[in-house]
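Chains, contacts and geometry: an overview
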Amino acid sequence: MAVDYAVIVLYLAGMLAMGWWGMRRAKSKSDFLVAGRRLGPVMYSGTMAAIVLGGASTIGGVGLGYQYGLSGAWMVFTIGLGLLALSVFFSARIARLKVYTVSEMLDLRYGGSAGIISGVVMWAYTLMLAVTSTIAYATIFDVLFGMDRSLSIILGGAIVVAYSTLGGMWSITLTDMVQFVVKTIGVLLLLLPIAVIKAGGFAAMKAQLPDDYFAPLGIGGQTVFTYVLIYSFGMLIGQDIWQRVFTARGDKVARLGGTAAGTYCLAYALAGAVIGTAAKVLYPHLGSPDDAFATIVKDALPVGVRGLVLAAALSAVMSTSSGALIACATVANNDIWARVKSVAARRRPAVEKAADAGRAPGTEQAEDAAEEHDEVRGNRIFILLMGLAVIVIAIALNNVVEALTLAYNVLVGGLLVPILGGLLWKRGTAAGALASVAVGGLTVVGLMVSLGVLANEPIYYGLIASLVAYVVVSLATKPTDPEVLAAWRARLAGRTDGAADDGPEEEAAGDTSVAVARVLTPSSVTGRA
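Residues numbered from 1 in each chain as written. Predicted model: local features only at pLDDT ≥ 70, side-chain atom pairs only at ≥ 80, totals over all residues. Heavy atoms only, no water.

Counting its regular elements, the protein contains 22 helices and 0 strands. Each of the 529 residues in the protein was classed as buried or not, and the buried ones make up 55%. The long-range share in the protein, meaning contacts at least 24 apart out of those at least 6 apart in sequence, stands at 85%. Total accessible area computed for the protein in this model is approximately 20800 Å², and 67% of it derives from carbon and sulfur atoms. (Helix = DSSP H or I, 4+ residues; strand = E, 2+ residues; numbered from the N terminus. Buried < 20%, exposed > 50% of the residue type's maximum accessible area, 1.4 Å probe, protein only. Contact = heavy atoms within 4.5 Å. Areas by Shrake-Rupley, 256 points an atom, 1.4 Å probe, with all protein chains shown as cover.)

Turning our attention to the environment of Ala-85. Within the element layout of this structure, Ala-85 appears in helix α5 (residues 74–96). Taking the relative accessible area as the measure of exposure, Ala-85 reaches 22% and is therefore partly exposed. Discounting residues that sit within four places of it in the chain, Ala-85 has contacts with Phe-90 and Leu-236.

Let us look at the confidence of the model for the protein. On average, residues of the protein score 84 in pLDDT, and 86% of them are at 70 or above. The model gives residues 363–367 a pLDDT under 50, and that stretch makes 1 contact with residues more than four places away or in other chains. Note on residues 498–529: pLDDT is under 50 here. Beyond four places in sequence and across chains, it has 50 contacts. (pLDDT = per-residue confidence, 0-100.)

Right, let's talk about α5 for a bit. Between its first and last C-alpha, α5 extends 32 Å over 23 residues, near the 33 Å set by a 1.5 Å rise per residue. The largest bend in α5 is about 70°, located at Phe-90. Looking one or two residues past α5, Lys-98 carries a phi angle of roughly 55°, positive in sign. (Expected span 1.5 Å × (residues − 1). Bend = angle between axes of the 7 residues up to and from the residue.)

Right, let's talk about the pattern of salt bridges for a bit. This structure, assessed with the given rule, holds 5 salt bridges. One salt bridge in this structure joins Asp-251 and Arg-96, with 2.4 Å as the shortest N-O distance. Linking Asp-251 in helix α12 (residues 251–282) with Arg-96 in helix α5, this pair joins segments that are 155 residues apart in sequence. Classification of Asp-251 by relative accessible area gives partly exposed; the value is 26%. Residue class for Arg-96 comes out partly exposed when judged on its relative accessible area of 23%. Here Arg-244 makes a salt bridge to Asp-176, at a shortest N to O gap of 2.8 Å. Within this pair, whereas Arg-244 is found in helix α11 (residues 239–245), its partner Asp-176 is found in helix α8 (residues 149–198), the two being separated by 68 residues in sequence. In this structure Arg-244 comes out as buried when scored by relative accessible area, which is 2%. (Salt bridge = Lys/Arg side-chain N within 4 Å of Asp/Glu carboxyl O.)

There is a patch of nonpolar side chains on the surface, built from Tyr-461, Ile-464, Val-468 and Val-472 and spanning about 400 Å² of accessible area. Structurally, Val-468 is set in helix α19 (residues 457–476). (Patch = residues over 30% accessible without salt bridge, like charges linked within 9 Å, V, L, I, M, F, W, Y side chains within 5 Å.)

Its identity is not glycine, yet Ala-35 carries a phi of approximately 55°, on the positive side. Position of Ala-35 relative to the elements: it lies in the loop between α2 (29–34) and α3 (41–52). Taking relative accessible area as the criterion, Ala-35 reaches 0% and is therefore assigned buried.

The next point concerns the side chain of Ser-71. With respect to the secondary-structure elements, Ser-71 resides in the loop between α4 (55–68) and α5. The exposure class assigned to Ser-71 is buried, which follows from its relative accessible area of 1%. Discounting chain neighbours no more than four positions away, the residues touching Ser-71 are Ala-215, Pro-216, Leu-217, Gly-218 and Ile-219.

At a closest axis distance of 7 Å, the pairing of helix α6 (residues 102–110) and helix α20 (residues 482–492) adopts a crossing angle of 130°. With respect to α20, the axis of α6 lies oblique. Residue-level inspection shows Met-105, Leu-108, Arg-109 and Tyr-110 of α6 in contact with α20, the latter providing Val-484, Leu-485, Trp-488 and Arg-491. Class assignment of the residues belonging to the contact of α6 with α20 gives a composition of 6 nonpolar, no polar and 2 charged. (Axes fitted to C-alpha atoms, helices over the stretch in contact; angles between N-to-C directions. Parallel < 35°, antiparallel > 145°, perpendicular 65-115°, else oblique. Nonpolar A, V, L, I, M, F, W, Y, C, P; charged D, E, K, R; others polar.)

The next thing to look at is α20. If you check which residues of α20 are buried, you get Val-484, Leu-485, Ala-487, Trp-488, Ala-490, Arg-491 and Leu-492. Of the residues flanking the end of α20, it is Gly-494, one or two places downstream, whose phi is positive at about 90°.

Turning our attention to the packing of α5 against α12. For the pair α5 and α12, interaxial distance at closest approach is 8 Å and the crossing angle is 180°. Taken together, the axis directions place α5 and α12 in an arrangement best described as roughly antiparallel. The residues of α12 that touch α5, namely those facing Val-76, Phe-77, Gly-80, Leu-81, Leu-83, Leu-84, Ser-87, Val-88, Ser-91, Ala-92, Ala-95 and Arg-96, are Asp-251, Ala-254, Arg-255, Gly-258, Thr-259, Ala-261, Gly-262, Thr-263, Cys-265, Leu-266 and Ala-269. Among the residues making up the contact of α5 with α12, the classes are represented as 13 nonpolar, 7 polar and 3 charged.

Before going further, it helps to examine the environment of Asp-4. Along the chain, Asp-4 falls in helix α1 (residues 2–23). In this structure Asp-4 comes out as buried when scored by relative accessible area, which is 0%. Separated by 298 residues in the primary sequence, Asp-4 and Pro-302 place their C-alpha atoms 9.7 Å from one another. Look past the residues within four positions of Asp-4 in its chain and what remains in contact with it is Val-303, Gly-304, Arg-306 and Gly-307.

The next subject is the environment of Ile-464. Turning to its location among the elements, Ile-464 is positioned in helix α19. Of the residues examined, Ile-464 reaches a relative accessible area of 51% and is grouped as exposed. Between the C-alpha atom of Ile-464 and that of Gly-413, which follows or precedes it by 51 residues, the distance is 8.6 Å.

The next thing to look at is the packing of aromatic side chains. Tallied over the entire structure, the rule returns 9 aromatic pairs. Taking 5.5 Å as the distance between ring centres and 50° as the angle between the ring planes, the aromatic pair formed by Phe-225 and Tyr-460 counts as tilted. Remark: Tyr-460 occurs in helix α19 and Phe-225 occurs in helix α10 (residues 221–237); sequence separation between them is 235 residues. Assessed through its relative accessible area of 47%, Phe-225 is described here as partly exposed. Ring centres of Trp-242 and Phe-246 lie 6.2 Å apart, and the angle between their planes is 90°; this geometry places the pair in the edge-to-face category. Here the guanidinium or amino end of Arg-37 rests over the ring plane of Tyr-100, the centre of that ring lying 4.8 Å away. Over the aromatic face of Phe-214 sits the side chain of Lys-206, whose NZ or CZ is 6.0 Å from the ring centroid. (Phe/Tyr/Trp six-rings, centres within 6.5 Å; stacked < 30°, edge-to-face > 60°. Lys NZ or Arg CZ within 6 Å of the ring centre and 35° of its normal.)

Here you go:
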């Protein structure tokens, strides 16, 4: 095992080194949160695939293959389908918005009144996603070192928090790219063929297992439908996914790179199911399907290769965990804390505002630079704080599946309709969006309380209630201000408030509060005709 330990230690040290190197590139808010919006197709597709294929897709995907056979691929398959839909139909317009969060998009579309509630919902989702990813360290470090659960979570979580805090999205992008390569080699090129060979090949697997293990819908049609609602639609609206779209250098990169990542997910889904099916042949009486990955890695792989495959599992967990962590911190800082500060600033005494008006000439540029530095520092502090919270909650939480289901149900039930409605239906209003979030979210939570978190009905009825509330309230209220819609269409076209786009490095172009304020200010002040 010494060689395996060396591989893992080198991998973890490399992640920290990447974080330190990324810190040198993160000099602005844009650099820190969205990697300067300048990732090319290779980096973009690799990091996008890395974030969506986490511990649930790797360890859980193999477990589903062990339990259901090839149809166990459907969970990860629907993740890939959702990513393909996002990339083909929505990624270009999302990238052109030049925002940092989903709530900022809602502010732009509905006129600045829908963001706070969506921010709280999105924060809760990203927090629970980070927690469930962090818990997976316990499984991996237990296999490696026989380490205590709490200590495993602290060790794995601390490494992710460290490199994410140092360099933000640049560090996460660099580490995700390495993790993508390690995952591809470890799972697709090593574990997959070795598992099939150890099981005697596909013919032997088919001879030893029931026919249901090779049926396309062996897992159940209703289960597949629920996966589509939760995971495919979740890919369309999650902050962790949108924040990666914001890193793309342009429309074409977002569309083609995302399509490549989605296609990779489909192959990864099938690979996990095949590995799990092979594990069922080799170890037919495991206590839990989720033990299949660790068992086949520990017993079937040679020394050295075992370490690389475990590093692949670790990379899958770390990529999702770091992506969810920076998304959680971004929402907490930009959508919640920034709004609290904005309210406090509006209540400052008139004397202080008069003093601001009398500043000496030439100080504004220096203050802007200082503010830029403070924004990077502020986002670092929020990543650190959210990271510590994630580790504490992960230690206290036991039921990972219920926590993840709760997060996705609330996200999809509350935010899917107002987000897609804002992108596709110009008659949707802020009142309709708020009603949709409230009714959909409350319906999902209420039904989960009464029927159970893992029941299928909460997401079904939650989406229906959210859609009805959105349409009815939107039609019953005054249409969105034409100037707000004009500014929204300008952003979708790649312009800022109707003007030419100043490029990804222009921070003012991404300041949603300024854009909304300009739209809502009377035309006599803004100079509009």
